[in-house]
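Reading the structure
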Amino acid sequence: MSKSYGPCDTPGARGLALCEPTLFERSTPGRVGYSLPRVDVNEPPPLPAELLRDEPAAWPELSEVEVVRHFTRLSQYNYGVDSGLYPLGSCTMKYNPKINEDVCRLAGFADVHPAVAHQGLLRLIYELEQFLAEIAGMDAVTCQPAAGAHGELTGMLIIRAYHASRNDPRSKVIIPDTAHGTNPASAAICNYQVVPLKSNEQGLIDPDALAAVMDESVAAIMITNPNTLGLFEENVDRAAHIVHERGGLVYYDGANLNAIMGYTRPGDFGADVLHFNLHKTFSTPHGGGGPGAGPVGVKKHLEPFLPRPVIRKKGRQYALDFDRPQSIGRMRSWCGNVGVLIRAYAYIREMGAAGLKRSSELAVLNANYLRVMLQDLYKVAQDRPCMHEVVFTEKGLPNDVPMLDVAKRLMDYGFHPPTIYFPLVVKGAMMIEPTESFEPESLDAFITAMRDIYREAQENPALLHHAPYNTVVRRLDEVRAARNPKLTADME
Amino acid sequence: MRYLPHTDGDIVRMLTAIGISSIDELFTTIPEPLRMQGDLNLPEPMDEAYLRRHMSDLADQAPAGSCFAGGGAYRHYIPAAIDHIVRRNEFYTAYTPYQPEISQGTLQAIFEFQTMITRLLALDVANASMYDGASATAEAVLMAMRTTKLKRVLLSAALHPQYQETIATYAKWAGAEFVTVPVNAEGRTDFAALKKALNNQTAAVVVQSPNYLGVIEDTRVLGRFLARHKAKFVHVFTEPLAFGKLVPPGACGADIACGEGQSLGIPLSFGGPGLGILATRLVDVRQMPGRLVGETVDAEGKRAFCLTLSTREQHIRREKATSNICTNHGLMALSAAVYMALMGREGLFQLAKLNRAKTEYMKSKLAEVAELPLTGPTFNEFVWKPRQPAEEVLQALAKAKFIGGVALNGAAPGLENAILTCVTELCSRKEIDRYVEVVRAL
């Protein structure tokens, strides 16, 4: 008696890497994967039928061994930082220390209900807020936001509340054209109108262009520094001055903080609000799409607007302070993504000031090494030293090969491709951020692969166009996925 | 430093290749006046052994006791297999699956997660996760306002107070007008008041079931009534395991179901990271926030999975996106997927039954020594009023090694001195009896 595994039901398809059926195709009625505590009380009177579901939720039925094998196989279809070079620009895919994975799972952290007063955890979060404030030169930090974009929204709501408190409602936010897409999306939730600011020929903010659009209707500018071209905004203090002079505030996207730790602090030259990405700069894992954490730092004048509650220290005791009349309110439940905060705290405690500074130095060194070793073949978007990431353009590639094909071909050489087609201001961008976590031998192997691919682009562009070949699936039909969305498995 | 692989020799070789003599030269693009003077003021670095001990010392400060607290975060048994899967480096050290050819593991797992969530909630489509129940609910309200182009939002007073506050934060500048619908003597949203508050300008009716007071709302009746109105029925939940027994949102006419998925195999972790869930009907899929995984084929016609319908999202649509969400809670969705696969349809049903049976047992015992003011049916949480001040009772319970519940400081009229207590499969009959004895002895 053989069973159908749907599309995986072909001879040999259960081999090492070819096809893993879905849970639903694997399901067999009567299989059990659970072990429940025994029933030690009597059956109560039933609930009214009107409140009950008509049929059980159609979750699949598998034994534990099948579930474990299923997800183990799926994990093998993935590529992570621990698999090899993962130079995804703007994402800071640095090593995720293993000790941090252990300590966040201590029972005294992981099994604690949020309604109790846990002095150890409140102290940890309080101290993490102090560390982050020191690193970025801010006066106060909240760890409530769950991700970078959540932090951005928190920051922009603080700006909105600040202007409202001064009876100075402003309707616009200036956002440079190099910004992450989350910036305008976050501003929009605050009902701000977005004013795009074109960067100059060097890929930087042009203070004169900024002065021309900055007026009393502008609430803030959102700056990413180093920007998404991997360049330090040299005029950032002048830009801040222009904005401040006309009553606006400076929002600082800290996504690229990994380039500058110990070298420069945004709070020292004009940042009023800033968010951190703990899952970038502070080594917490990306989890295949989160959870992250996006703490927000503010200067003194914005502290009353921080989300509620804040953690206060009174003597040797830590407590949650809800009495915050000017607060923007809650951004979420409880105190934040504590499991992530624990990892970031452990990272900072292990690295110390010198370790963090060294990380930034090596991140910048790695990026510049790649820039120099590739720039004879691949045209850099800005021909000058970069910070933690370098951006190339597809302009001038042999046979007009698109950057997408280069990226897909890199998988065949065993690398995760860099970010492509971002930032939007560069035609066919490839944005490479190697981080400090990769030794020069890995970088050299990547350089060799990039140079080989360039040669392949000259000799046989079709080879690239059909890449990858050595992956569990080949290039996908993503248009079909969007035209005829199939977002759940069929009922078996 | 063991996380930083470069030797001095490596650095010299790389600097030579670049054509400079010191790392500092790479930072000359930072103008001198913007440079930091001196070093960051952070504590001295710790070695691994010392760090482990320090972290254990902090963890050891956790209050000890059997947990009878719920109120949006629940202590359930987490099968050991889950963490073994979640700790596979290929899963937790990967980024959002932008490159599907080398991310099929994450993508298929999320596709399976979406499927199992829709089957639990009886809706057509679920996204790949949100941050938590509160922010998912706030996004659901914004989505309802977008689809109806209306601004009036009715909130049940028995909606989790943190969710109410988060909705207010998110929807403030979209011009939402909130109306709170009171709770009746059963502990349910007052249906008559809701009918009165509803008009043709209403974008959403937001009701949680089981609600913050533990009471199961009459969602079928509510759904039948709301079906005749333009307003979106947003069905919130904090305890998804309830739907192992109870009528799911989709089967009672909910347009959007949203809430917290922490009960699905995710540690309490002092409140985060949890799992935001948002599901809806296919007609509204293009207004949904968050990522979606879809099935397609590769160049050879083989089944494959990828992120899809991304024209809704911030990286394409920028200020016109349906949400600003980017990083979500993918690893928590994976935990939930493993959990749901292990439980299966029968395990979920038995678990839901066990939670309710133990709760009913505790209610019957506690009724001997305290007042149970609400008459509505419950799942695994309920409200009771001690004869002494609630804070004192909780302290006495803490002394006897119980985390006794959550004090409700007037969450609804008549509940000024009340406690919300939660009983899951992890609370044994012996513990329940001892808890009640502590209260009796006061």
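Because the structure is a prediction, the values reported are computed rather than measured.

**A closer look at the overall build of chain A**
The secondary structure content of chain A amounts to 14 helices and 13 strands. Against the compact-globule benchmark of 23 Å for 492 residues, chain A has a radius of gyration of 26 Å, which places it among compact chains. Each of the three principal axes of chain A carries a C-alpha extent, and together these read 80 × 70 × 45 Å. Accessible area for chain A stands at about 16,600 Å²; split by element, carbon and sulfur atoms hold 50% of it.

**Regarding the side chain of A:H163**
For A:H163, the location among the structural elements is in helix α6 (residues 148–165). Excluding residues within four positions of it along the chain, A:H163 makes contact with A:D168, A:P169, A:R170, A:Y192, A:A219, A:G247, A:G248 and A:L249.

**Focus: the domain arrangement of chain B**
All names here are of chain B. Per the domain assignment, the segments of chain B are domain 1 (66–75 + 345–441) and domain 2 (93–339). The distance between the C-alpha centroids of domain 1 and domain 2 comes to 28 Å. Contact with domain 1, which involves 28 residues of that partner, is made by 24 residues of domain 2. Surface buried jointly by domain 1 and domain 2 totals about 2,100 Å² across both partners, of which 67% is contributed by carbon and sulfur atoms. Linking domain 1 with domain 2 are zero salt bridges. Scanning the region where domain 1 abuts domain 2 turns up six residue pairs in polar contact (both at pLDDT 80 or more). Examining the composition of the side of domain 1 that touches domain 2, we find that six residues originate from one element, helix α11 (residues 330–366), more than from any other. Among the residues forming the side of domain 1 that touches domain 2, the class breakdown is 18 nonpolar, six polar and four charged.

**Re the domain arrangement of chain A**
Under the domain assignment used here, chain A contains domain 1 (23–77), domain 2 (98–351) and domain 3 (359–481). Once you take the C-alpha centre of each, domain 1 of chain A and domain 2 of chain A turn out to be 41 Å apart.

**Re the nonpolar core**
Core analysis: the biggest nonpolar cluster contains 145 residues, and A:L278, A:F282, A:V406 and B:M55 have the highest contact counts within it. Ranked by residue count, the leading element in this core is helix α10 (residues 338–374) of chain A, at 20 residues. Excluding anything up to four places from it in sequence, A:L278 contacts A:L128, A:L132, A:S283, A:T284, A:A293, A:P295, A:V340, A:L341 and A:A344. Counting 68 residues, the second-largest nonpolar core is a separate cluster that includes A:V273, B:A171, B:V236 and B:I325.

**Describing helix α7 (residues 182–189) of chain A**
Residue and element names in this part refer to chain A. Burial analysis of α7 places seven of its eight residues in the buried class, which makes it a mostly covered element. Taken residue by residue, α7 has T182, N183, P184, A185, S186, A187 and I189 as its buried positions. Of the residues flanking the end of α7, it is N191, one or two places downstream, whose phi is positive at about 65°.

**Let's talk about the sheet that holds strand β6 (residues 232–237) of chain B**
Residues and elements named next belong to chain B. Ordered in space as β2-β8-β7-β6-β5-β3-β4, the seven strands form an open sheet in which the pairing is mixed. Because the sheet does not close on itself, it has two edges, and the strands there are β2 (125–126) and β4 (177–181). In the packing of helix α6 (residues 133–148) onto the sheet, the strands contacted are β3 (152–156), β5 (202–208), β6, β7 (256–260) and β8 (276–280), and the crossing angle to β7 comes to about 160°. Against the sheet, helix α9 (residues 219–226) engages β5 and β6, with an angle of about 160° to β6.

**Regarding the interface of chain A and chain B**
Interface size is commonly expressed as the accessible area that is lost once the parts come together. Across the contact, 205 residues belong to chain A and 177 residues belong to chain B. Summing both sides of the interface, chain A and chain B together bury roughly 16,900 Å²; the carbon and sulfur share of this comes to 64%. Contact with chain B buries surface across chain A, with A:R53, A:W59 and A:L487 losing the most and accounting together for 6% of the total. Between the two partners, chain A and chain B, sit 15 salt bridges. In this structure, B:E101 and A:K408 form a salt bridge, with 2.9 Å as the shortest nitrogen-oxygen distance. Put simply, chain A and chain B have 92 residue pairs in polar contact (both at pLDDT 80 or more) between them. Per-class residue counts for the side of chain A that touches chain B are 116 nonpolar, 46 polar and 43 charged.

**With respect to the pairing of β5(B)**
All names here are of chain B. With seven of seven residues buried, β5 lies mostly within the body of the structure. Taken together, the four bridges between β3 and β5 define a ladder with parallel strand orientation. Looking at the pairing, V153 lines up with A204 of β5. Relative to β6, β5 runs parallel, the two sharing five bridges.

**Regarding the pairing of strand β10 (residues 303–307) of chain B**
Residues and elements named next belong to chain B. Of all five residues that make up β10, five are buried, and the element is covered over most of its length. Relative to β10, strand β9 (residues 293–297) runs antiparallel, the two being bridged by five bridges. By the bridge assignment, E295 is partnered in β10 with F305.

**Focus: the pattern of salt bridges**
For the structure on display, the rule yields 47 salt bridges over all chains. A salt bridge links A:E25 to B:R303; its shortest N-O distance comes to 2.7 Å. Of this pair, A:E25 sits in helix α1 (residues 23–26) while B:R303 sits in strand β10, which puts the two residues in different chains. On the basis of relative accessible area, A:E25 is assigned to the buried category, the value being 17%. Look at B:R303 and you get buried, because its relative accessible area is 14%. Two residues, A:K300 and A:E303, come together in a salt bridge whose shortest N-O distance is 3.3 Å. Its relative accessible area of 17% is what places A:E303 among the buried residues. Here the residues in one salt-bridge network are A:E101, A:R105, A:R343 and B:D83, joined through shared partners.

**Here we look at unusual backbone geometry**
For the bond from A:F422 to A:P423, the omega torsion is 0°, close enough to zero to count as cis. Along the chain, A:A467 connects to A:P468 via a cis peptide bond; the corresponding omega equals 0°. With respect to the helices, strands and loops of the structure, A:P468 is situated in the loop between α13 (461–465) and α14 (478–483). Although it is not a glycine, A:S90 sits at a positive phi angle of roughly 75°. The topology assignment puts A:S90 in the loop between α2 (64–76) and α3 (98–103). Even without being glycine, B:L309 reaches a positive phi, approximately 50°. In this structure, B:L309 sits in the loop between β10 and α10 (314–317). Looking at B:L309, the relative accessible area reads 3%, which means it is buried.

**So, the sheet that holds strand β1 (residues 140–142) of chain A**
All names here are of chain A. Judged by pairing direction, the sheet is mixed, and its seven strands sit side by side in the order β1-β7-β6-β5-β4-β2-β3 without closing on themselves. The sheet is open, and its two borders are formed by β1 and β3 (193–197), each paired with just one other strand. Direction aside, neighbouring strands of the sheet carry axes that sit 20° apart on average. Sheet topology places strand β4 (residues 218–224) next to strand β5 (residues 249–253); five bridges connect them, and they run parallel.

About the criteria used
- Residues numbered from 1 in each chain as written.
- Chains lettered and ligands numbered in written order.
- Predicted model: local features only at pLDDT ≥ 70, side-chain atom pairs only at ≥ 80, totals over all residues.
- Heavy atoms only, no water.
- Helix = DSSP H or I, 4+ residues; strand = E, 2+ residues; numbered from the N terminus.
- Rg over C-alpha atoms; globule rule 2.2 N^0.38 Å.
- Areas by Shrake-Rupley, 256 points an atom, 1.4 Å probe, with all protein chains shown as cover.
- Contact = heavy atoms within 4.5 Å.
- Domains from an automatic or database assignment.
- Buried area = accessible area lost by both parts, 1.4 Å probe.
- Salt bridge = Lys/Arg side-chain N within 4 Å of Asp/Glu carboxyl O.
- Polar contact = N/O pair within 3.5 Å; in protein donor to acceptor, adjacent residues only side chain to side chain.
- Nonpolar A, V, L, I, M, F, W, Y, C, P; charged D, E, K, R; others polar.
- Core = buried A, V, L, I, M, F, W, Y, C linked by side-chain atoms within 4.5 Å.
- Buried < 20%, exposed > 50% of the residue type's maximum accessible area, 1.4 Å probe, protein only.
- Pairing = 2+ DSSP bridges.
- Axes fitted to C-alpha atoms, helices over the stretch in contact; angles between N-to-C directions.

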